[in-house]
Amino acid sequence: MNIQQYFEYCLAKPAVTEHFPFDEDTLVFKVGGKMFALASLSEWEKGQAAVNLKCDPERSAELRAEYEDINPGYHMSKVHWNTIRVNQGVPDPMLRELIDHSYDLVFKSLTKKLQAEIGGLEK
């Protein structure tokens, strides 16, 4: 997956917005004002692409045991976030599934009112 594919995949989800809240390098995707994915653009340019994605803690442990390129979230809660090295040992379909999982976890944490508003955008 290249940076453009990652960018387009994340932005294609309902109500997703892009931000640079930390610095000019860290691209953050949010739904309902909450982060679900972030990545360093300069690391992608260096060929060391990685993304941080939210993940269910139990599933995180399983993924880290199965994939060498899935590690505890860099500069994030090690319980709820993973850092996935892109274009290494994690196939693109799995990366897309993990992006979906992260989005879904954050979406489900939003208020019912906000979920309904976002749900209305899909139609």
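Looking at an unreviewed UniProt entry, one finds the chain named MmcQ-like protein, with Flavobacterium magnum as its source organism.

Undergrad: Could you give an account of the packing of helix H1 (residues 3-11) against helix H4 (residues 92-109), with specific residues and numbers?
TA: Relative orientation of the contacting elements H1 and H4 amounts to 35 degrees, with a least axis distance of 11 Å. Handedness of the H1/H4 crossing: right-handed. In contact with Tyr6, Tyr9 and Cys10 of H1, H4 contributes Arg96, Ile99 and Asp100. The class makeup of the residues in the contact of H1 with H4 is four nonpolar, no polar and two charged.

Undergrad: Summarise a negative patch on the surface; cite the residues concerned and give the values.
TA: A cluster of acidic side chains, namely Asp56, Glu58, Glu62 and Glu66, defines a negative patch on the protein surface. Among the structural elements, glutamate 58 can be located in helix H3 (residues 57-66). Glutamate 58 sits in the exposed class, given a relative accessible area of 61%.

Undergrad: Could you give an account of the pairing of strand E2 (residues 26-31), naming the residues involved and the relevant values?
TA: Of all six residues making up E2, six are buried, and the element is well covered by its neighbours. One ladder, built from four bridges, connects strand E1 (residues 16-19) with E2; its direction is antiparallel. Each bridged residue has a counterpart across the sheet, and for valine 16 the counterpart in E2 is valine 31. In this structure, E2 lies alongside strand E3 (residues 34-40), joined through six bridges in antiparallel fashion. The residue of E3 that forms the bridge with phenylalanine 29 is alanine 37. A loop of two residues connects E2 with E3, the two strands running antiparallel in sequence, and glycine 32 in this loop sits at a positive phi of about 60 degrees.

Definitions and limits used
- Residues numbered from 1 in each chain as written.
- Predicted model: local features only at pLDDT ≥ 70, side-chain atom pairs only at ≥ 80, totals over all residues.
- Heavy atoms only, no water.
- Axes fitted to C-alpha atoms, helices over the stretch in contact; angles between N-to-C directions.
- Helix = DSSP H or I, 4+ residues; strand = E, 2+ residues; numbered from the N terminus.
- Left-handed = near helix turned anticlockwise from the far one by under 90°.
- Contact = heavy atoms within 4.5 Å.
- Nonpolar A, V, L, I, M, F, W, Y, C, P; charged D, E, K, R; others polar.
- Patch = residues over 30% accessible without salt bridge, like charges linked within 9 Å, V, L, I, M, F, W, Y side chains within 5 Å.
- Areas by Shrake-Rupley, 256 points an atom, 1.4 Å probe, with all protein chains shown as cover.
- Salt bridge = Lys/Arg side-chain N within 4 Å of Asp/Glu carboxyl O.
- Lys, Arg positive; Asp, Glu negative; His and termini not counted.
- Charge placed at Lys NZ, Arg CZ, Asp CG, Glu CD.
- Buried < 20%, exposed > 50% of the residue type's maximum accessible area, 1.4 Å probe, protein only.
- Pairing = 2+ DSSP bridges.

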